[in-house]
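Examining the three-dimensional arrangement
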Amino acid sequence: SSFQDRSVKFVPYDLRQTMLGQAPETMRLFLLAVGLVLLIAVANVASLALVRATARTRETSLRTALGASRGRIARLLITEGVILAGVGAAAGLVLANFLLKGVAVFGLAVPRLSQATIDGRAFGFAAILALLTGVMVALHPVISLRRGVRSAIQGGERDVGAKRSTHRARGILVATQFALALPVLAASALLLNSFMRLGRVNPGFDPSHLLYLHVTLPRQSYPDPRAAATYWNRALAMVSALPSVEAAGTNQSLPPEEPPDVNNWVLVDQENDPRGGQSVSPWNPVTPSFFETLQVPLLEGRMFQPTDTGAAPVLIVSRTWVKQFSPSRPAVGRQMQGGGCTDCTPYTIVGVVDDVKYLGLGGSAQAVYEPTEQYPATDTYLLVRTAGPPGPMIERVRTVLRSVDAGLALDDAGTMVDRLSDTMAPERNRTALIGGFGVAALLLAAVGVFGMLSYLVATRRREIGVRMALGAKRAEVLTLILRRGMGWAAAGAGLGVVAALATGTWLRSSLYEISPGDPVTLFAVTGLLLMVALIASWLPARRAASVAPMDAIREE
């Protein structure tokens, strides 16, 4: 009711969403990355299975000629594919059990991840996935059984190996791998770019040589705000007197991602619509030494003084607050009424300080500060700046606080450097894991194009020898093989760009100051993918260009 807004609406929030936060979105992102890498692996194995089935075409055709039905041979090939996938799934389950523990230790931002285990449902999912994968791998060799028995027996491996349909099928599989790899690479590059941008954000204070302790004064011992203020006046004086302590102060919330209470307010000299909503700002009670402790510079006006006890209420606002709410006139000297109290003594803005992040590194930095003498609090953070390393000072500060009140629980303590690192841990872990998937996808795609061209060179060795015997130059042979590999890679990369743009919306809420369709990132990732394809294509091409014509002809 204090907001005095007749249009206000109460918005319910789902408890599950509140508890899990961004965890479901993170898991969907991982599921997409895992699915794409799995499809790349399936395409890679299918390509290898196609080579193996091609080499066995005479065998399967001979079996057919001796009376084996196509159904029997199809069952043979599918059984081999399923067994291969099953062995891989079994090894994957064993590896997954170790990786799951490692990921939990790694600190992935997913609630209750440490309690996850490889149970019956996971085993059943892996079994079904292995069955489907085995069938998919054996699908093309089964379809290839349609070719004529006599031609397969008479043609031999040389004729079969040179079939254009076989090379075309492998090329399509390679293009598919590149098309699937590019979205994963793009996602990892975007997350890395976002993480680096977030790491360059100024939190508004110097975290080095700075420690914090969370102090909650029990209401039984401190029944009123004055008792809490008395405790802190004594405790701050004792902490500040410690050797190596340069400054100490308190505030009600801890930057960079623990917002203080939000208060509504109106400017006295500004006409406000009583039916409209009032402005709101993070409202942080601090001691006068707080800004010195965090080394937050004063931009205009003055800092809080010990005489600011509430008889004439004062406030300090941040630079972003001024930019948002008082851009056309000086903020110092303006008055506001807070909390919907229209008959209370108005606050006077006496100073403007630089921004401090409370709503996350990527959030807004607008804030309002009030002296703790005007608004004493029992739930407070103590911040201490030290001359040396802050870690060893934590226990000494604890001892001082307990000397004032031995019954205080002071478990929540640490350095601000570590807190900043913990703040970025979810983004760092997400970037590292998706980056791992991206590297795996890149390597699988490179292996795919390398295998395709190696097979091409092996099956067309006689043709390459004839070409060189008839006058073809090494550079021409090299270009021929490179063109084949890079053509399929470029086609796959083109499709991958479209897929990356289509799936980029999944990343939008996880990115900071970068668009999911950032052209520079997509161009760089595409260039990296094609460069890897060029290297993977060049190795077989170099081997083809070094073929001795007469040796190749004699071998055939």
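Residues numbered from 1 in each chain as written. Predicted model: local features only at pLDDT ≥ 70, side-chain atom pairs only at ≥ 80, totals over all residues. Heavy atoms only, no water.

1. What to know about the confidence of the model for the protein
The predicted model of the protein has a mean per-residue pLDDT of 81, with 84% of residues at 70 or higher. Below a pLDDT of 50 lies the segment residues 156–162, which in the model reaches 15 contacts outside its immediate sequence neighbourhood of four places, other chains included. (pLDDT = per-residue confidence, 0-100. Contact = heavy atoms within 4.5 Å.)

2. Remarks on the side chain of E370
With respect to the secondary-structure elements, E370 resides in strand β9 (residues 368–371). R226 provides the closest opposite charge to the buried, unpaired E370, separated from it by 9.3 Å. Side-chain polar atoms of E370 contact the side chain of Y347, separated by 3.5 Å. Among the polar contacts made by the side chain of E370, one reaches the side chain of Q374 at a distance of 3.2 Å. If we skip the residues at most four places from it in the chain, E370 touches W283, N284, P285, V286, F304, V314, L315, Y347 and Y375. (Helix = DSSP H or I, 4+ residues; strand = E, 2+ residues; numbered from the N terminus. Buried < 20%, exposed > 50% of the residue type's maximum accessible area, 1.4 Å probe, protein only. Lys, Arg positive; Asp, Glu negative; His and termini not counted. Salt bridge = Lys/Arg side-chain N within 4 Å of Asp/Glu carboxyl O. Polar contact = N/O pair within 3.5 Å; in protein donor to acceptor, adjacent residues only side chain to side chain.)

3. Some remarks on the pattern of salt bridges
Summed over all chains, the structure comprises 8 salt bridges. In this structure, D354 and R319 form a salt bridge, with 2.9 Å as the shortest nitrogen-oxygen distance. Here R319 lies in helix α10 (residues 319–325) and D354 lies in the loop between β8 (347–353) and β9, a separation of 35 residues in the sequence. Among the residues examined, R319 registers a relative accessible area of 42% and is labelled partly exposed. With a shortest N-O distance of 3.1 Å, R398 and E395 are connected by a salt bridge. Of this pair, R398 and E395 both sit in helix α11 (residues 393–404), separated by 3 residues, roughly a single helical turn. Taken together, the shared-partner salt bridges in this structure form one network comprising D269, R329 and R334.

4. Looking at the packing of aromatic side chains
Per the stated rule, a full pass over the model turns up 12 aromatic pairs. With 4.8 Å between their ring centres and 85° between their planes, W265 and F325 make a pair best called edge-to-face. In this pair, W265 is assigned in strand β3 (residues 261–267) and F325 in helix α10, connecting sequence segments 60 residues apart. Judged on exposure class, the residue W265 and its partner F325 are both buried. Measuring from ring centre to ring centre gives 5.2 Å for F290 and F291, while their planes differ by 75°; the resulting arrangement is edge-to-face. The exposure class of F290 is buried, given its relative accessible area of 0%. (Phe/Tyr/Trp six-rings, centres within 6.5 Å; stacked < 30°, edge-to-face > 60°.)

5. Focus: the nonpolar core
Formed by 36 residues in total, the largest nonpolar core has its most connected members in F178, V449, I464, I481 and L529. Those elements that place two or more of their residues in this core are α2 (23–55), α7 (164–199), α13 (425–459), α14 (461–469), α15 (474–503) and α16 (519–545). For this core, the leading source of residues is α13, giving 9 residues. Other than its neighbours up to four places away in sequence, F178 contacts A445, V449, A489, G492, A493, L529 and A533. (Core = buried A, V, L, I, M, F, W, Y, C linked by side-chain atoms within 4.5 Å.)

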